[in-house]
Amino acid sequence: GAVVSQHPSWVICKSGTSVKIECRSLDFQATTMFWYRQFPKQSLMLMATSNEGSKATYEQGVEKDKFLINHASLTLSTLTVTSAHPEDSSFYICSARVGTQNTEAFFGQGTRLTVV
Amino acid sequence: KQEVTQIPAALSVPEGENLVLNCSFTDSAIYNLQWFRQDPGKGLTSLLLIQSSQREQTSGRLNASLDKSSGRSTLYIAASQPGDSATYLCAVVITGRRALTFGSGTRLQVQP
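Now for a description of the structure that goes with this document. (Residues numbered from 1 in each chain as written. Chains lettered and ligands numbered in written order. Predicted model: local features only at pLDDT ≥ 70, side-chain atom pairs only at ≥ 80, totals over all residues. Heavy atoms only, no water.)

1. Re the interface of chain B and chain A
- Each partner contributes residues to the interface: chain B has 21 residues there, and chain A has 21 residues.
- Both faces combined, the contact of chain B with chain A buries some 1,800 Å², and carbon together with sulfur accounts for 49% of it.
- Of all residues in chain B, Leu44(B), Arg98(B) and Phe102(B) bury the most surface against chain A, accounting for 30% of the area lost on that side.
- Taken together, chain B and chain A are joined by one salt bridge. (Contact = heavy atoms within 4.5 Å. Buried area = accessible area lost by both parts, 1.4 Å probe. Salt bridge = Lys/Arg side-chain N within 4 Å of Asp/Glu carboxyl O.)

2. Digging into the pairing of strand 5 (residues 44-51) of chain A
All names here are of chain A.
- Within strand 5, seven of the eight residues are buried, leaving the element largely enclosed by the surrounding structure.
- Across seven bridges, the pairing between strand 4 (residues 32-38) and strand 5 is antiparallel. Pairing of Phe 34 across the sheet is with Thr 49, part of strand 5.
- Between the antiparallel neighbours strand 4 and strand 5 lie five residues, among them Lys 41 with a positive phi of about 60 degrees.
- With two bridges connecting them, strand 5 and strand 6 (residues 57-58) associate as antiparallel partners. By the bridge assignment, Ala 48 is partnered in strand 6 with Tyr 58. (Buried < 20%, exposed > 50% of the residue type's maximum accessible area, 1.4 Å probe, protein only. Helix = DSSP H or I, 4+ residues; strand = E, 2+ residues; numbered from the N terminus. Pairing = 2+ DSSP bridges.)

3. Quick word on the sheet that holds strand 7 (residues 62-67) of chain B
Residues and elements named next belong to chain B.
- Across the sheet, five strands lie side by side as 1-3-8-7-6; this open sheet has antiparallel pairing. A strand with exactly one partner marks an edge of an open sheet, and here the two such strands are strand 1 (4-7) and strand 6 (56-59). Strand-to-strand, the axes of this sheet are offset by a mean angle of 15 degrees, without reference to chain direction.
- As defined by bridge partners, strand 3 (residues 19-25) adjoins strand 8 (residues 72-77) across six bridges and the pair is classed as antiparallel. In the strand pairing of strand 8, Ser 24 is matched with Arg 72. (Axes fitted to C-alpha atoms, helices over the stretch in contact; angles between N-to-C directions.)

4. Side note on the side chain of Asn51(A)
- Of note, Asn51(A) is situated in strand 5.
- Under the relative-accessibility criterion, Asn51(A) is labelled buried at 11%.
- Reaching out from Asn51(A), the side chain makes a polar contact with the side chain of Arg98(B) at a distance of 3.3 Å.
- When residues no more than four places from it in sequence are discounted, the contact partners of Asn51(A) are Thr31(A), Thr32(A), Ala56(A), Thr57(A), His71(A) and Arg98(B). (Polar contact = N/O pair within 3.5 Å; in protein donor to acceptor, adjacent residues only side chain to side chain.)

In structure tokens, the structure reads:
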């Protein structure tokens, strides 16, 4: 299957700092990528849809100024957690498809963010 | 609003058993349903994708079925092995949307 690479796999940061997470489609181009968040022993919740060359679409309740998404190329989307707080500590994971919504979705390895 | 439910939440079986994981969804207007495996602290590995027009898909010891009209899917794992231990997630793509809506998962442990 297609490969989605996410970096870093884990990060620890101090409260008040910003953290950037990268999501790359390695062997295909993705005009759309998806960012999810997963709390311990819970399922994945969609945060936002990243659109290449345009603004991201955020789900209700997700602060767009706190979770900045940039999709500057067809193979890279970034999620920046700004002014991080301990409650932002979570597992963040991105996803992309080779084609339309009918095709298989592939996921990155995830990023474990711990804010201290 | 689409809701996806997975039963049971956790399952422990001895090695070699055949088992069935269940997934139900409230809105049958879906493009497809996908089953994933997630190991602790890791990302998701796609197992099977079933289009809304399909009834089942098979890959090795895995077989997934889809009954769209009743809002149900099952993942059948034959001859389970300790390496099958993981959390299994089902997710649907709702018609008109592009992202996946996930169930809460079934944590499977296969005892050697």
